[in-house]
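So you can see what is in the structure, the chains are spelled out below.
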Amino acid sequence: MKQPSWFVSGLTSIVVAALLLTACAPRGTPVPSGGFTTLTVGTTYIWDTANPAIGWYGYVIRYLIYDTLVEEAGIGRFVPGLAESWTVSDDGLVWTFKIREGVTFHDGSPCTAEDIAWSLNWTIENEIETFSFYLASFQEIVALDETTLQVTLSEPVGNMEYLLMYVWILPRSVWGEMTPDEILEFEDIAAGIGTGPYRLTEWVEGEYLVLEANENYWRGMPEIDRVVWREFATEDAAVQALLAGEIDVIAADTIPATALQTLETAENIELAIMESTSIDELIINSHENGTQPASLNDPAVRLAIAHAIDKQQIVNVAYLGYAEPATTIIPTSMGDWHNSDIQDIPFDIAAGNRVLEEAGYIDSNGDGIREDHNGNPLRYRLYATEGASNARILEIISNGLAQIGISAPPTLMDQDSLIGLYPDYDFDMIYWGWGLDPDPDFAMLIFTCDQREEGGWNDSGYCDEEFEEMYARQAVTVDHQARREIIWRMQEKLFNDRPYIVLTYAKTTQAYRSDRFTGFGLEAGDILWKSAFLTARPVMP
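Nothing here was measured: the structure is a model prediction, and the numbers come from that model.

Colleague: Sorry if this is basic, but what is going on with the overall build of the protein here?
Modeller: A count of helical and extended segments in the protein gives 17 helices and 21 strands. Taken over the C-alpha trace, the protein has a radius of gyration of 24 Å; the compact-globule value for 541 residues is 24 Å, and the two agree within 12%. Considered along the principal axes of its C-alpha atoms, the protein spans approximately 75 × 60 × 40 Å. Out of the 541 residues in the protein, the part that is buried amounts to 58%. Residue pairs at least 24 apart in sequence account for 69% of intrachain contacts in the protein once pairs closer than 6 positions are excluded.

This is the structure:
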């Protein structure tokens, strides 16, 4: 799920943060063997809450704190976590997991198969909004003994490993006695107790967060003793802090494209360019009760809009080449889930004009804006969140649309105001983005009808009976090839219906001090992801 850019207002908070970090979080310069090593991460937003039951942001941090039964070690590559191994019955309904012995939570309480069964059942019973939906098919969860967990499903699933990598195992010692309301309101630092490689020890909202290495971690104590996340007011401020040696790593989604060339040539700075599951798209309001003009529902208008968007220019101007023009909702980084047969609609202003002309949209008064059959001008609202890159992208889209007789002046607004438009589908077009899950299920889920309800993921308002049937079928299709064929057909339908015009597949760009740290993994698409970060180590003098 895409994490937006957030900003801290006011210089005071930055100064206070710097003073606090000086006292409690030393800079990440490695020290001689036997010393204490701190790595400092710069970001514009740390997370929303320490409570994993209600927290939607800071996933890389949460994965360093908590463990899951199965982990992702690369895009779509799943490896054992708290479960050493697993088997499944012939009918696909009963999964049996071998649980690691001797694992403990940060507070010293044990993490056995019984504790894991309790955590999963607790998640379902309390309808934990951030990850209980991954367990929708779980009918019964029991511990057969201290190291054997058995899960019985209501129907087979073709993506069990993916489902489990998103469900953190939490301790009964912290959450066991809470009422549902108390769970939602819990903000104590103890919310960060897990079995992961790092312990949450301090968090000051809008300023910094501190993790300390877990010396009892079942994989062995991490080589980096302390990790500090430091929040900056702007991306540029974080970049300058890295160049000045005040921080050691810049988090994903924190480097502006304009800084990439500087970082690439800077001394003692390593720029990491990685594949990601991120997409950027133009959302076109598709809800039958939305406030968009009727003309925007016309397939011809949507096709013409697709012809008018210069995706390569967006890649060049907004991403400085660190992205690729997109076709379908599933990015190329997701391997054979991506429908490579789909050919994109070419950027072709003449073709866009021809499509509208043939559909009867003409400019009758010569003002440069076409009208529909009732004389209503093709004038649409085009929104995005505030930011220099978004402003450039909206300008490219708006200019292209103007060339085919569509007026869509760019409008930037703050994050909360933009999100506030979704419940009533009170918009025409929005530039937005997602950091998708490594399995295609979530990318398809966001177009299902029930996700249009308040709190759901469906931001376009799209709802189609044929698509619903395909979504339900892929969810219970175990054979990879058969499921892939369904996913490909779903992508083709979305491409033709155009609730989204997918614009780019962006690369993940991060930078770190190569004179201080080395060994970060790149396969996961984020050097702070657990599997990538645990291979990192300080550069010793």
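After that view of the structure, there is still more to cover.
Colleague: I'm lost on the confidence of the model for the protein in this one. Help?
Modeller: Fine structural detail should not be taken from predicted coordinates in areas where pLDDT scores are low. Per-residue confidence for the protein averages 92 on the pLDDT scale, and 94% of its residues sit at or above 70. Scored below 50 in pLDDT, residues 1-28 makes 68 contacts in the model with residues more than four places away or belonging to other chains.

Colleague: Explain the pairing of strand β4 (residues 83-88) to me, please; I cannot follow it from the model alone.
Modeller: The two faces of a sheet get side chains in turn, since along a regular strand they alternate between them. By the bridge criterion, five bridges tie β4 to strand β5 (residues 94-99) in an arrangement that is antiparallel. In the strand pairing of β5, Ser 85 is matched with Lys 98.

Colleague: Please clarify how the packing of aromatic side chains should be interpreted in this entry.
Modeller: Each aromatic ring pair is described using two quantities: the centre-to-centre distance and the angle formed by the ring planes. Within this structure, the stated rule accounts for 32 aromatic pairs. Here Trp 118 and Trp 122 contribute two aromatic rings whose centre-to-centre distance is 5.8 Å and whose plane-to-plane angle is 20 degrees, an arrangement assigned as stacked. Of the two residues, Trp 118 and Trp 122 both sit in helix α3 (residues 113-125), four residues apart, roughly one turn of that helix. Residue classification places Trp 122 among the buried residues on the basis of a relative accessible area of 5%. Site record: aromatic cluster; members linked through ring pairs are Tyr 59, Tyr 63, Tyr 66, Phe 131, Trp 168 and Trp 529. The positively charged end of Arg 484 is found above the aromatic ring belonging to Trp 488, 4.5 Å away from the centroid. Looking at Arg 498, its charged tip hangs above the ring of Phe 495, at a distance of 5.5 Å from the centre.

Colleague: I'm lost on the nonpolar core in this one. Help?
Modeller: One broad rule of soluble globular proteins: the nonpolar side chains tend to lie buried together. Judged by nonpolar contacts, the single largest core of 115 residues is most densely connected at Leu 69, Leu 149, Trp 175, Leu 211, Trp 229 and Met 444. Excluding residues within four positions of it along the chain, Trp 229 makes contact with Val 41, Thr 43, Ile 46, Val 60, Ile 61, Leu 64, Glu 207, Tyr 208, Leu 209, Leu 211 and Leu 528. Ala 384, Leu 394, Ile 397 and Ala 408 belong to the second-largest nonpolar core, a separate cluster that totals 39 residues.

Colleague: Any chance you could explain the pattern of salt bridges here in plain terms?
Modeller: Opposite charge on two side chains permits them to pair, given that their charged atoms come into close proximity. Tallied over the entire structure, the rule returns 22 salt bridges. In this structure, the salt-bridge partner of Glu 71 is Arg 219, at a minimum N-O distance of 3.0 Å. One end of the pair, Glu 71, is in strand β2 (residues 70-74); the other, Arg 219, is in the loop between β9 (208-213) and β10 (226-231), and 148 residues separate them in sequence. For Glu 71, a relative accessible area of 8% puts it in the buried group. For Glu 523, the salt bridge goes to Arg 77, with nearest N and O atoms at 3.2 Å. Here Glu 523 is found in the loop between β20 (517-518) and α17 (530-533), whereas its partner Arg 77 is found in strand β3 (residues 77-80), with 446 residues between them in sequence. A relative accessible area of 41% places Arg 77 in the partly exposed class. Three or more residues joined by partner-sharing salt bridges are found here, namely Asp 67, Glu 71, Arg 219 and Lys 530.

Colleague: Explanation requested: the environment of Tyr 319 in the structure shown.
Modeller: Locating Tyr 319 in the fold gives a position in the loop between α10 (311-318) and β14 (323-325). Note on Tyr 319: relative accessible area 16%, which makes it buried. If we ignore the near neighbours within four places in the chain, the residues touching Tyr 319 are Ala 257, Leu 260, Asp 280, Ile 314, Ile 393, Tyr 431, Thr 504 and Ala 506.

Colleague: Please explain the state of the cysteines as it appears in this structure.
Modeller: If you walk through the whole model with that rule in mind, you get one disulfide. Here Cys 449 connects covalently by a disulfide to Cys 463, the sulfurs 1.9 Å from one another. Since a negative S-S torsion denotes a left-handed disulfide, the Cys 449-Cys 463 link at about 95 degrees is right-handed. One end of the pair, Cys 449, is in the loop between α14 (440-445) and α15 (465-475); the other, Cys 463, is in the loop between α14 and α15, and 14 residues separate them in sequence.

Colleague: What is the right way to look at a negative patch on the surface in this model?
Modeller: A cluster of acidic residues, Glu 101, Glu 114, Asp 145 and Glu 146, forms a negative patch at the surface. Note on placement: Asp 145 falls in strand β6 (residues 138-145). For Asp 145, a relative accessible area of 40% corresponds to the partly exposed category.

Colleague: Please explain the pairing of β2 as it appears in this structure.
Modeller: Buried residues dominate β2, accounting for five of its five residues. With four bridges connecting them, β2 and β3 associate as antiparallel partners. In the strand pairing of β3, Glu 72 is matched with Phe 78. Between β2 and β3, which pair antiparallel in sequence order, lie two residues; one of them, Gly 76, sits at a positive phi of approximately 75 degrees.

Colleague: What is the right way to read α3 from this model?
Modeller: Because an α-helix packs 3.6 residues into every turn, residues spaced three or four apart end up facing the same way. Taking 1.5 Å of rise per residue, 13 residues should cover 18 Å, and α3 covers 18 Å from first to last C-alpha, within 8% of that figure. Residues of α3 that are buried include every one of Ala 113, Asp 115, Ile 116, Ala 117, Trp 118, Ser 119, Leu 120, Trp 122 and Thr 123, and no others. Two residues or fewer past α3, Glu 127 is found with a positive phi of approximately 50 degrees.

Colleague: What should I look at first to understand the packing of helix α9 (residues 299-308) against helix α11 (residues 349-358) in this one?
Modeller: Packed helices, taken two at a time, are described by their axes: the angle between them and the distance between them. Remark: α9 packs on α11, axes separated minimally by 8 Å, with the N-to-C direction vectors making an angle of 170 degrees. In terms of orientation, α9 lies roughly antiparallel with respect to α11. Two packed elements cross with a definite hand, and for α9 against α11 that hand is left-handed. Listed contacts from α11 to Ala 300, Val 301, Leu 303, Ala 304, His 307 and Ala 308 of α9 are Ile 349, Ala 351, Gly 352, Val 355 and Leu 356. In terms of residue class, the contact of α9 with α11 is built from nine nonpolar, two polar and no charged.

Colleague: Is there a simple way to explain the sheet that holds strand β7 (residues 148-153) in this structure?
Modeller: Remark on secondary structure: sheet strands pair via backbone hydrogen bonds, oriented parallel or antiparallel. As summarised here, the arrangement of the four strands in space is β4-β5-β7-β6, forming an open sheet in which the pairing is antiparallel. Only two strands of the sheet have a single partner each, and these edge strands are β4 and β6. Within this sheet the neighbouring strands show an average axis-to-axis angle of 20 degrees, counted without direction. Bridging between β5 and β7 involves five bridges; their strand directions are antiparallel.

Colleague: Looking at this structure, I do not really get the sheet that holds β9. What am I missing?
Modeller: The strand order β8-β9-β10-β1-β11-β19-β12 describes an open sheet built from seven strands, whose pairing is mixed. Two strands close off the open sheet at either side, each with one partner strand: β8 (198-204) and β12 (269-274). Direction of pairing for strand β1 (residues 38-43) relative to β10: parallel, over a ladder of six bridges. Looking at the pairing, Gly 42 lines up with Arg 230 of β10.

Scoring rules and cut-offs
Residues numbered from 1 in each chain as written. Predicted model: local features only at pLDDT ≥ 70, side-chain atom pairs only at ≥ 80, totals over all residues. Heavy atoms only, no water. Helix = DSSP H or I, 4+ residues; strand = E, 2+ residues; numbered from the N terminus. Rg over C-alpha atoms; globule rule 2.2 N^0.38 Å. Buried < 20%, exposed > 50% of the residue type's maximum accessible area, 1.4 Å probe, protein only. Contact = heavy atoms within 4.5 Å. pLDDT = per-residue confidence, 0-100. Pairing = 2+ DSSP bridges. Phe/Tyr/Trp six-rings, centres within 6.5 Å; stacked < 30°, edge-to-face > 60°. Lys NZ or Arg CZ within 6 Å of the ring centre and 35° of its normal. Core = buried A, V, L, I, M, F, W, Y, C linked by side-chain atoms within 4.5 Å. Salt bridge = Lys/Arg side-chain N within 4 Å of Asp/Glu carboxyl O. Disulfide = S-S within 2.5 Å. Patch = residues over 30% accessible without salt bridge, like charges linked within 9 Å, V, L, I, M, F, W, Y side chains within 5 Å. Areas by Shrake-Rupley, 256 points an atom, 1.4 Å probe, with all protein chains shown as cover. Lys, Arg positive; Asp, Glu negative; His and termini not counted. Charge placed at Lys NZ, Arg CZ, Asp CG, Glu CD. Expected span 1.5 Å × (residues − 1). Axes fitted to C-alpha atoms, helices over the stretch in contact; angles between N-to-C directions. Parallel < 35°, antiparallel > 145°, perpendicular 65-115°, else oblique. Left-handed = near helix turned anticlockwise from the far one by under 90°. Nonpolar A, V, L, I, M, F, W, Y, C, P; charged D, E, K, R; others polar.

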